Amino acid sequence: MYREEQLKALLAGRRILIAGYGREGKSAERLIQRLVPEVQYSVATQVESGKWKVESGEWREDWPFDMVIKSPGIPTFQFSIFNFQLTSLTDLFLQVYGDMTIGVTGTKGKSTTASLIHHLLPGSILAGNIGIPLFDILDDLREDSIVVAELSCHQLENIYRAPHISVLLNLFQEHLDHYESYMGYKMAKMQIALKQQAGDHFFYCTDNEELRILIENLKLKIESAMHPYTLNDISDEEHELLKSCPLAGEHNRSNALVACRVASLVACQPIFNFQFPISNFKGLRHRLEKVGVYHGITWYNDSISTIPEATINAVRALGRVDTLILGGFDRGIDYTPLVDFLREHPIQNLVFVGQAGRRIHSSLLTPHSSLVENDYTKIVPWCAAHTPQGGTVLLSPAAASYDAFKNFEHRGDFYTEQIMKL
């Protein structure tokens, strides 16, 4: 294992609690058992009111834990009354391997952008929030390895060392159920720049107003080289390059632009060298994914869209949308931008799902054909019956899925299954 001693030094002699037993918690436990099997540790999930359910390892009520490895799904503020080092799998990984890591974050587009960079840099290793725990790639690391890590706000909030190359795509209201304020969410994302060192590189999009203003206020605290980018100021070569990108929408052109600039920096190659590779990139599932044409109707699955801005971008990217499915779990996000957009760009049929959908419906109050329904086994046939031949149905909910599904992938898969049953 490359740099095994450095990683072992962070864990040896500690009394460790792994908080959360999902994909990352289990990965952390495997590492401890392999690397420092002599340490005292426990794995537990929080049930309620500070009570913990033991999942693995030893447990004694009088153990004074001095390190907690927190899983992303557990809010940090739940640990504010305790006195120990609060860390995470991402934090431990970056402390040892941050110098070989390209980190990508943002409210939307991080999976696509991280996958694009990985595609443009053959031999790189893709991991992180995209579904591969960082500790699970340790055996693949070598002295010349390049890790492309998709990083969520939850993974970034407790880091001491940011990636050598960081990309921050955008900031919108998201995860307000996890943070005490919107600023708390934004500052969690900003750790990807604030924890960089001199000699590191920070790419950020000035087309996003929230991000531009925040960085303007914090730029004196950023030690790394800053690389702002915008679609409004690109070279002729980059303009031709982006014509080759198969992904629809201005937001994806922006993602492709920064992916190519990062790849150009890392590979020390001119940016036009990436024109052919980017033309071969296949989009990810649940992201403006074309399910197919059934009954003369084109169906799209954009279940990843959990905020208003993502839905607006999806509608603009497709150009024509006859039926739009909105809503799901309500996290208190401001839907005014989406409501204003739908008033200015009316869509023939609208479906409103869950509490978020009902809140959008109550704000919109349009004469359009609409359905208020939670059951996708009823929603999909209704869309088929009300969408004209040659038309388009788009699932782009602008809301999370947790009221009815495990995650956005589950929602997108179930929607696709219902289409296949028509």
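Please refer to the structure higher up on the page.
Reading guide: rules and limits
Residues numbered from 1 in each chain as written. Predicted model: local features only at pLDDT ≥ 70, side-chain atom pairs only at ≥ 80, totals over all residues. Heavy atoms only, no water. Helix = DSSP H or I, 4+ residues; strand = E, 2+ residues; numbered from the N terminus. Rg over C-alpha atoms; globule rule 2.2 N^0.38 Å. Buried < 20%, exposed > 50% of the residue type's maximum accessible area, 1.4 Å probe, protein only. Contact = heavy atoms within 4.5 Å. Salt bridge = Lys/Arg side-chain N within 4 Å of Asp/Glu carboxyl O. Phe/Tyr/Trp six-rings, centres within 6.5 Å; stacked < 30°, edge-to-face > 60°. Lys NZ or Arg CZ within 6 Å of the ring centre and 35° of its normal. Pairing = 2+ DSSP bridges. Axes fitted to C-alpha atoms, helices over the stretch in contact; angles between N-to-C directions. Core = buried A, V, L, I, M, F, W, Y, C linked by side-chain atoms within 4.5 Å. Parallel < 35°, antiparallel > 145°, perpendicular 65-115°, else oblique. Left-handed = near helix turned anticlockwise from the far one by under 90°.

A. Molecular detail of the overall build of the protein chain. Scanning the protein chain for helices and strands turns up 15 helices and 17 strands. The C-alpha atoms of the protein chain give 22 Å as radius of gyration, which agrees with the globular expectation for 422 residues (22 Å, within 12%). Principal-axis analysis of the C-alpha atoms gives the protein chain an extent of 65 × 55 × 40 Å. Burial analysis of the protein chain (422 residues in total) assigns 54% to the buried set. Counted over contacts in the protein chain with a minimum sequence separation of 6, partners at least 24 positions apart contribute 70%.

B. View of the pattern of salt bridges. Under the criterion given, the structure shown has 22 salt bridges. Residue aspartate 66 is joined to arginine 15 by a salt bridge in which the shortest nitrogen-to-oxygen separation is 3.5 Å. With aspartate 66 in the loop between β3 (52–57) and β4 (67–70) and arginine 15 in strand β1 (residues 15–19), this residue pair connects regions lying 51 residues apart in the sequence. The closest approach of N and O atoms between aspartate 413 and arginine 285, which form a salt bridge, is 2.8 Å. Within this pair, whereas aspartate 413 is found in helix α15 (residues 408–420), its partner arginine 285 is found in the loop between α10 (275–279) and β12 (289–294), the two being separated by 128 residues in sequence. The class of aspartate 413 is partly exposed, set by a relative accessible area of 27%.

C. Structural context of the packing of aromatic side chains. Using the criterion set out here, one finds seven aromatic pairs in the structure. Ring centres 4.9 Å apart and planes at 40 degrees place the aromatic pair phenylalanine 93 and tyrosine 97 in the tilted group. On the criterion of helical spacing, the pair formed by phenylalanine 93 and tyrosine 97 is a turn pair, its members being four residues apart in helix α3 (residues 89–97). Taking 5.9 Å as the distance between ring centres and 50 degrees as the angle between the ring planes, the aromatic pair formed by phenylalanine 405 and phenylalanine 414 counts as tilted. Accessibility expressed as a relative area gives 13% for phenylalanine 405, which makes it buried. On the accessibility criterion, phenylalanine 414 (24% relative accessible area) is partly exposed. Ring pairing ties together the aromatic residues Trp299, Tyr376, Phe405, Phe414 and Tyr415, which thus form one cluster. Directly above the aromatic system of tyrosine 21 lies the positively charged group of lysine 26, at a separation of 5.4 Å from the ring centroid. Directly above the ring of tyrosine 182 sits lysine 186, whose terminal nitrogen or CZ lies 4.7 Å from the centroid.

D. Quick look at the sheet that holds strand β17 (residues 392–395). Spatial ordering of the open sheet is given by β12-β13-β17-β14-β15-β16, a layout of six strands whose pairing is mixed. The two strands at the open ends of the sheet, each matched to only one other strand, are β12 and β16 (369–372). Along the sheet, successive strands turn relative to each other by an average axial angle of 15 degrees, direction set aside. Strand direction decides the pairing type here: strand β14 (residues 323–327) and β17, joined by three bridges, are parallel. In the strand pairing of β17, threonine 323 is matched with valine 393. Along the sheet face, helix α13 (residues 354–364) touches β14, β15 (349–353) and β16 and points at about 135 degrees away from the line of β15.

E. Spatial organisation of unusual backbone geometry. Phi angles above zero are rare outside glycine, and histidine 286 is one such case at about 70 degrees. Here histidine 286 shows up in the loop between α10 and β12. Backbone geometry at histidine 295 places phi at a positive 55 degrees, although glycine is not the residue there. Counting through the fold element by element, histidine 295 comes out in the loop between β12 and β13 (297–301). Exposure remark for histidine 295: the relative accessible area of 53% places this residue in the exposed category.

F. Layout of the nonpolar core. Core analysis: the biggest nonpolar cluster contains 52 residues, and Ile16, Phe93, Leu141 and Met190 have the highest contact counts within it. Take this core: its biggest share by element is seven residues, from helix α6 (residues 182–194). Here methionine 190 is in contact with Leu168, Leu214, Ile215, Leu218 and Ile222, once residues within four sequence places are set aside. Membership of the second largest hydrophobic core comes to 31 residues, among which are Leu120, Cys245, Cys260 and Val262.

G. Looking closely at the pairing of strand β7 (residues 125–128). Every second residue of β7 is oriented toward a common face, with Ile125 and Ala127 on one face and Leu126 and Gly128 on the other, all of them buried. Here β7 pairs with strand β8 (residues 147–150) via four bridges, running parallel. Bridged to isoleucine 125 within β8 is valine 147.

H. How the structure looks around the sheet that holds strand β10 (residues 201–205). Strands sit in the order β7-β8-β6-β9-β10-β11 across an open sheet of six strands; the sheet is parallel. Two strands close off the open sheet at either side, each with one partner strand: β7 and β11 (225–229). Between one strand axis and the next, the sheet turns through 20 degrees on average, direction left out of account. Strands β6 (101–105), β9 (165–168) and β10 of the sheet are contacted by α6, whose axis makes an angle of about 150 degrees with β9.

I. Summary view of the packing of helix α4 (residues 110–120) against helix α9 (residues 250–267). Contact geometry for α4 and α9: axes closest at 9 Å, N-to-C directions at 40 degrees. With respect to α9, the axis of α4 lies oblique. As α4 packs across α9, the resulting crossing turns out to be right-handed. Along its contact with α4, which presents Thr112, Thr113, Leu116, Ile117 and Leu120, the element α9 presents Asn252, Asn255, Ala256, Val258, Ala259, Cys260, Val262 and Ala263.

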